[in-house]
Amino acid sequence: MAPEPIGPLARTPEEWAQALAPLGGRAFHAKQVFRWVQARSVLEPAKMTDLPAALRAKLETLDLPRTLEIAQERRAADDTRKLLVRMKDGATVETVLIPGVTGPKGKLPSPVQDQAMEAGDDEDDDDPPQPQAGEEPVRVTQCISTQVGCAMGCIFCASGVAGLKRHLGADEIIAQVLAGRARLDPGERLSNVVYMGMGEPLANYDATARSLHLLTHPDGVALSARRITVSTSGLVPEIARLGADFGGRIGLAISLHAADDETRTRLMPINKKYPLPVLMEALRAYPLPARRRITIEYTLVAGKNDDPAEAKKLVKLLRGLPVKVNLIPMNPIAASSLGPPEMRGVLGFQRILCDAGYSCFIRRRRGDDVDAACGQLALLGARPKVRVNRA
Ligand code: SAH
Ligand code: SF4
C-alpha cells in the first residue's frame with residue numbers, strides 16, 4: 001500500500017515555510033499558520049486574523065477543513081463521546097473522547113479503574129489533580145484511529161474482523177485530535193492521547209511517527225510524550241524503531257492477551273510472525289525512561305485465555321520487566337460469539353497477578369451504550385469477512 005502524500009495539516013513549521021515561500025509567505029507566517037492549526041484547531045484561513053489577506057486567500061485553496069468531517073457524535077451515559085469521522089474519500093473511522101477520573105468527579109474506587117487512565121497514570125505522574133476540588137479541569141483522554149480497518153485479524157476485535165481498507169495519512173490522524181479538542185465540553189482539557197482506536201499504529205509507522213512529532217511539538221498540541229500511548233499487537237521491528245525515534249518517551253502498550261505461543265497464535269495471527277520470545281526481547285530492549293512502565297493489555301476471553309493457569313504463566317513471562325497489567329473483559333462484538341468471563345473469573349485472574357507483585361487493573365468499559373468501548377470501533381456498514389465461533 002503506497003504511503004499517503006503528506007497532507008498540509010500534517011506539515012511541520014519548517015514544511016509550512018517551504019510551502020508558503022512561493023506564495024510570498026515569510027518564515028514567521030509559517031509559524032503562525034502552524035499555531036492556528038495545531039495549537040488552536042482553527043482550520044479556516046479567514047479566521048487566521050494575523051495573516052495577510054493575500055496569504056489567507058491562497059491558503060483557502062488547500063481546503064484544510066475538508067481533511068475530515070465529524071459525521072456523527074454519540075454521547076454515552078458516562079459522558080464518553082464517540083465521534084464518527086468521515087474522510088475526503090468517504091472512508092470512516094472513529095475517535096473517542098473519554099472524560100477522566102481525575103478532576104471534579106474524583107477517583108474511581110480500586111480495583112476497577114478506567115480506560116481513560118491508560119496513559120500518564122504512573123505513580124511518577126508530575127501533574128496531579130489540584131487540591132481545590134471543583135475548579136480543576138476534567139482531563140480527557142482521546143482514543144484515535146490509524147487505519148481504516150486492520151489487517152491483523154485478532155479474533156475478538158471488530159476492526160480486525162473487518163480487514164484493512166487503507167492506512168490513514170498523518171493529516172487524518174492529527175485531524176482527529178484537532179477536531180476532538182475543538183469539541184471538548186466547557187471545563188474539559190485534552191490531557192492524554194491513546195492510539196487504541198481502529199487499526200495497528202505500527203503497521204502505519206511513518207504516519208504514526210509524524211503524528212507523534214506533531215502532537216508533541218511545543219508550538220502545536222504540545223502534549224508531553226509520556227501522556228501519549230501507542231498500543232500495538234506486537235510488531236517487533238517497529239517497536240524498536242519507535243523506541244529509537246522517540247528515545248523511549250512515548251508510552252508503549254502491548255496487546256499480549258496470552259502467555260504462551262499456542263494460545264496467543266489462536267487469538268492473534270501476528271504471533272506466528274513475532275512469537276513471544278522475540279516480542280519479550282523487544283520489550284526488554286525498549287529504552288524506557290526510569291520509573292516508567294510498559295502497559296500490558298490482556299483482553300480476557302471466556303474459555304480462551306482466562307484460566308488461572310494462564311495467569312500463572314503470565315506471572316512468569318513478565319518477570320523482571322517494568323510493567324503494569326490491564327485486564328479488559330472482552331467486549332462482545334457482532335461478528336463473534338466470543339465473550340468475557342464472569343466477573344468472579346476476572347477477579348481471580350487479577351488476584352494471581354497482584355499476589356505475584358504486579359500492578360494489575362481491571363479496566364472499566366466506557367461508553368458501552370454507544371459501542372465506543374475498546375475493540376468495538378468497527379467499520380460502519382462493513383461486512384465481516386469471517387464469522388468466529390466459540391467452538
Ligand atoms: N491495534 C492495536 C491498537 C488498537 S486495539 C492493538 O491491538 O494494540 C486497542 C486494544 O483493544 C487492544 O489491546 C485490543 O486487543 C483491544 N481489543 C480489541 N477488541 C477488543 C474487544 N472486543 N474487547 C476488549 N478489548 C478489545
Ligand atoms: Fe488490529 Fe488491534 Fe484489532 Fe488486533 S486488536 S485486529 S491489531 S486493531
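This text goes with the structure placed above it.
Rules used throughout
Residues numbered from 1 in each chain as written. Chains lettered and ligands numbered in written order. Predicted model: local features only at pLDDT ≥ 70, side-chain atom pairs only at ≥ 80, totals over all residues. Heavy atoms only, no water. Near = heavy atom within 4 Å. Polar contact = N/O pair within 3.5 Å; in protein donor to acceptor, adjacent residues only side chain to side chain. Areas by Shrake-Rupley, 256 points an atom, 1.4 Å probe, with all protein chains shown as cover. Helix = DSSP H or I, 4+ residues; strand = E, 2+ residues; numbered from the N terminus. Nonpolar A, V, L, I, M, F, W, Y, C, P; charged D, E, K, R; others polar. Phe/Tyr/Trp six-rings, centres within 6.5 Å; stacked < 30°, edge-to-face > 60°. Buried < 20%, exposed > 50% of the residue type's maximum accessible area, 1.4 Å probe, protein only. Lys NZ or Arg CZ within 6 Å of the ring centre and 35° of its normal. Axes fitted to C-alpha atoms, helices over the stretch in contact; angles between N-to-C directions. Parallel < 35°, antiparallel > 145°, perpendicular 65-115°, else oblique. Left-handed = near helix turned anticlockwise from the far one by under 90°. Contact = heavy atoms within 4.5 Å.

### Here we look at the site of ligand 1
Here is step 1: Taken together, 21 residues lie around ligand 1, and Phe 156, Ser 231, Ser 255, His 257 and Asn 331 are the ones closest in.
Here is step 2: Taking Thr 232, its main chain carries an N or O atom lying 3.4 Å from an oxygen atom of ligand 1.
Here is step 3: In the environment of ligand 1, an oxygen atom lies 2.5 Å from a nitrogen or oxygen atom belonging to the side chain of Ser 255.
Here is step 4: Summarising the interface, the protein chains cover 96% of the accessible area of ligand 1, which totals 530 Å² for the free molecule.
Here is step 5: Within the residue set of the shell around ligand 1, elements represented by two or more residues are strand E9 (228-232) and strand E11 (294-300).
Here is step 6: Residues belonging to the shell around ligand 1 are distributed by class as follows: nine nonpolar, ten polar and two charged.

### Overview of the packing of aromatic side chains
Here is step 1: Taken as a whole and assessed by the stated rule, the structure comprises one aromatic pair.
Here is step 2: Taking the centre distance of 5.0 Å and the plane angle of 40° together, the rings of Tyr 298 and Phe 349 count as tilted. Of this pair, Tyr 298 sits in strand E11 while Phe 349 sits in helix H12 (residues 343-355); the two residues are 51 residues apart in sequence, bridging distant segments of the chain. Phe 349 shares its class with Tyr 298; the two are buried.
Here is step 3: When the ring centre of Trp 16 is taken as origin, the NZ or CZ atom of Arg 11, which lies over that ring, is 4.7 Å away.
Here is step 4: A cation sits over an aromatic face here: Arg 40 above Trp 36, 4.1 Å from the ring centre.

### Looking at the packing of helix H11 (residues 308-318) against H12
Here is step 1: Interhelical geometry of H11 versus H12 gives an angle of 25° and a closest axis separation of 9 Å. Taken together, the axes of H11 and H12 are roughly parallel relative to one another. Pair H11 / H12 crosses with right-handed handedness. Across the interface between the two elements, Pro 308, Glu 310, Ala 311, Lys 312, Leu 314 and Val 315 of H11 pack against Phe 349, Ile 352 and Leu 353 of H12.
Here is step 2: Within the contact of H11 with H12, the residues separate by chemical class into seven nonpolar, no polar and two charged.

### Some points on the side chain of Arg 292
Here is step 1: Tracing the backbone through its elements, the reader meets Arg 292 in the loop between helix H10 (276-285) and E11.
Here is step 2: A polar contact is formed between the side chain of Arg 292 and the backbone oxygen of Arg 226, at a distance of 3.2 Å.

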